[in-house]
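Here's the letter readout for the chains.
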Amino acid sequence: MFMKNNKNQMNIIKNSTKAILLLGIAFVTILIGIGVGSVSIPPLDIIQILKSFFFGSPLSETIEEIHYGMVTGIRFPRVLMAFLTGAALSMSGTVMQSVLKNPLASSYGLGVSSGAGLGASIVMITGIGANWFGALCLPVVGTFFGLLAVTIAVGFSACMDRSQSNNTIILSGMVVSLFLNAIMNIIAAASPDNTRKILLWQLGTFSGKDWKSIFILAVVLVICLILFQKHSTELDIMTFGAEQALTMGVDLKKEKNFLILLTAFLTGTAVSFSGIIGFVDLIAPHVVRKFFGSSHKWVLPMSALFGGSFMIICDLVGRTIIAPSEISVGSITALIGAPFFLYVYFMSRRRG
């Protein structure tokens, strides 16, 4: 018993050290994301500007006014939105992989992103709902359609298989996703004036985001993280399979449906603000589990930190590598994520 407690304490100390290191990396990544661009801004100047922006502290005379406006009005909101989106998608991927007991599972595969994309496309073309929601019309409608898509997928899987096996849910999600993508492409083709706008949004972008959008996504992210953490024990148990979950007294069907809907809500909100960005929800959980183990109390928040930092770097590469032109962040994540997907797939086949 003493040896077991001692081992647990050592694991907590090691993970705490790694968490502090990852937090430091995230902070440095945010500074790099803000500082690098057509005009470089030193890290110390960025810290001074942010202190002045949030706390009203006086600025040094050496800091140019244009730099202040660039940081607070353009770069910091963009970097913050990238971080929050990456964190949200990474947490979603972590939960989906555990709930569906599949290393390749994601909200994207269950049709959430396609549903949110379809909702956003309808709003862009028709302007429906703008009178009710104003600037929040796109995320509200997108999130609703994302939730609707995953509800249809889960309902369809229940009709085909009363036990709602993981493979049936994944298959249903793929069918719904392909169907919604087809509708989205038809809508884009039927409205040539909006085709470019829809296609650019579908590839993901963080430019031009306001503080209201950032605040809403941050609140949703924190609420979902708290709820996920409350169900972290159930997630740990579900990772071992249905038999183990039933033995431990977990209502597998009820727990699975709740976590899938909560994940869909988080993903739908993120996608609605920033567009469809794939593979982040696949990469982050696998990398984090390598360093922090399988306990969801660690994996969930650390996936958020890693995924947010990863998204900032991808966005930075996209907007600087061929400047002044810009590559969509979704294209960058796909270039990294596609080989990673194959790696995970063949590794899981080898273990199986």
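Each remark here, short or long, concerns the structure printed above.
Residues numbered from 1 in each chain as written. Predicted model: local features only at pLDDT ≥ 70, side-chain atom pairs only at ≥ 80, totals over all residues. Heavy atoms only, no water.

Novice: Help me understand the overall build of the chain, please; the structure alone is not making it clear to me.
Specialist: The number of helices and strands found in the chain is 15 helices and 0 strands. Its C-alpha atoms give the chain a radius of gyration of 21 Å, within 12% of the compact-globule value 20 Å for 352 residues. Its C-alpha atoms give the chain principal-axis dimensions of about 65 × 65 × 40 Å. Each of the 352 residues in the chain was classed as buried or not, and the buried ones make up 48%. For the chain, the accessible surface area stands at approximately 17,600 Å², while carbon and sulfur atoms represent 68% of it. Computed over 24 positive and 15 negative side-chain charges, the separation of the two mean positions in the chain equals 11 Å. (Helix = DSSP H or I, 4+ residues; strand = E, 2+ residues; numbered from the N terminus. Rg over C-alpha atoms; globule rule 2.2 N^0.38 Å. Buried < 20%, exposed > 50% of the residue type's maximum accessible area, 1.4 Å probe, protein only. Areas by Shrake-Rupley, 256 points an atom, 1.4 Å probe, with all protein chains shown as cover. Lys, Arg positive; Asp, Glu negative; His and termini not counted. Charge placed at Lys NZ, Arg CZ, Asp CG, Glu CD.)

Novice: Honestly, the packing of helix α2 (residues 43–55) against helix α3 (residues 65–99) in this entry has me stumped. Any pointers?
Specialist: Packed helices, taken two at a time, are described by the angle their axes make and the gap between the axes. It is the contact of α2 with α3, at a shortest axis distance of 10 Å, that shows an interaxial angle of 75°. Taken together, α2 and α3 sit at an angle that is classed as roughly perpendicular. Residues Ile49, Leu50, Ser52, Phe53 and Phe54 of α2 touch α3, and the partners they reach there are His67, Tyr68, Val71, Thr72 and Phe76. Here the residues of the contact of α2 with α3 sort into 7 nonpolar, 3 polar and no charged. (Axes fitted to C-alpha atoms, helices over the stretch in contact; angles between N-to-C directions. Parallel < 35°, antiparallel > 145°, perpendicular 65-115°, else oblique. Contact = heavy atoms within 4.5 Å. Nonpolar A, V, L, I, M, F, W, Y, C, P; charged D, E, K, R; others polar.)

Novice: Teacher, can you tell me more about unusual backbone geometry here?
Specialist: Excluding glycine, residues mostly have negative phi values, and the peptide bonds linking residues are mostly trans. Note the cis peptide between Ala323 and Pro324, where omega equals 10°. Tracing the backbone through its elements, the reader meets Pro324 in the loop between α14 (296–320) and α15 (329–351). A positive phi angle is found at Lys101, which is not glycine, with a value near 50°. Secondary-structure assignment places Lys101 in the loop between α3 and α4 (112–126). Classification of Lys101 as partly exposed rests on a relative accessible area of 48%.

Novice: In this structure, what is going on with the packing of aromatic side chains? I would like to understand it.
Specialist: Scanning the entire structure with this criterion turns up 9 aromatic pairs. Three or more aromatic residues joined by ring pairs make a cluster, and in this case those are Phe53, Phe54, Phe55, Phe76 and Trp211. (Phe/Tyr/Trp six-rings, centres within 6.5 Å; stacked < 30°, edge-to-face > 60°.)

Novice: Would you mind showing me how to read the environment of Phe145 here?
Specialist: Among the structural elements, Phe145 can be located in helix α6 (residues 137–160). Through-space distance from the C-alpha of Phe145 to that of Thr239 is 29 Å; in sequence the pair is 94 residues apart. For Phe145, the contacting residues outside a window of four places in its chain are Gly115, Ala116, Leu118, Gly119 and Ile122.

Novice: Before we go on, may I ask you to explain the pattern of salt bridges in this structure?
Specialist: A side chain of one charge can pair with a side chain of the opposite charge when the charged atoms of the two come close. In total, this model carries 3 salt bridges according to the counting rule given. The residue Arg78 makes a salt bridge to Asp315 at a minimum N-O spacing of 2.9 Å. Taken as a pair, Arg78 in helix α3 and Asp315 in helix α14 lie far apart in primary sequence, 237 residues in all. Assessed through its relative accessible area of 11%, Arg78 is described here as buried. Since its relative accessible area comes to 5%, Asp315 is described here as buried. Across the pair Arg319 and Asp315 runs a salt bridge whose closest N-O atoms are separated by 3.8 Å. Here Arg319 and its partner Asp315 are both found in helix α14, 4 residues apart, which amounts to about one turn of the helix. For the pair Arg319 and Asp315, one class covers both residues: buried. (Salt bridge = Lys/Arg side-chain N within 4 Å of Asp/Glu carboxyl O.)

Novice: Where do I start with the packing of α3 against helix α12 (residues 252–274) in this structure?
Specialist: One can describe the packing of α3 onto α12 by two numbers: an axis separation of 9 Å at closest approach and a directional angle of 155°. In this view, α3 runs roughly antiparallel relative to α12, as classed from their interaxial angle. Of the two elements, α3 crosses α12, and the hand of that crossing is left-handed. Contacts between α3 and α12 involve Met81, Thr85, Ala88, Leu89, Met91, Ser92, Val95, Met96 and Val99 from the first element and Lys256, Leu259, Ile260, Thr263, Leu266, Thr267, Ala270, Val271, Phe273 and Ser274 from the second. Its residues assigned to classes, the contact of α3 with α12 shows 13 nonpolar, 5 polar and 1 charged. (Left-handed = near helix turned anticlockwise from the far one by under 90°.)

Novice: Looking at this structure, how should I read a nonpolar patch on the surface?
Specialist: Where nonpolar side chains cluster on the molecular surface, the patch consists of Phe27, Val28, Ile32, Val36, Leu44 and Ile47 and spans about 510 Å² of accessible area. Those elements that place two or more of their residues in the nonpolar patch are α1 (2–35) and α2. Considering each element in turn, the nonpolar patch owes the most residues, 3 residues, to α1. By the secondary structure assignment, Phe27 is in helix α1. Residue classification places Phe27 among the partly exposed residues on the basis of a relative accessible area of 47%. (Patch = residues over 30% accessible without salt bridge, like charges linked within 9 Å, V, L, I, M, F, W, Y side chains within 5 Å.)

Novice: Explain the side chain of Thr94 here, please?
Specialist: Looking at the element boundaries, Thr94 is found in helix α3. For Thr94, a relative accessible area of 0% translates into the label buried. A distance of 3.1 Å separates polar atoms of two side chains, one belonging to Thr94 and the other to Ser303. Residues within four places of Thr94 in sequence aside, it is in contact with Asp281, Pro285, Arg289, His296, Val299, Leu300 and Ser303. (Polar contact = N/O pair within 3.5 Å; in protein donor to acceptor, adjacent residues only side chain to side chain.)

Novice: Before we go on, may I ask you to explain α4 in this structure?
Specialist: Since the α-helix advances by 3.6 residues per turn, residues separated by three or four positions end up pointing in the same direction. Here α4 contains 15 residues, and its C-alpha end-to-end distance of 21 Å stays within 8% of the 21 Å for a straight helix at 1.5 Å per residue. Within the sequence span of α4, burial applies to Val112, Ser113, Ser114, Gly115, Ala116, Gly117, Leu118, Gly119, Ala120, Ser121, Val123 and Met124. Against α6, α7 (166–190), α8 (192–202) and α12 lie the buried residues of α4. (Expected span 1.5 Å × (residues − 1).)

Geometry only, nothing functional implied.
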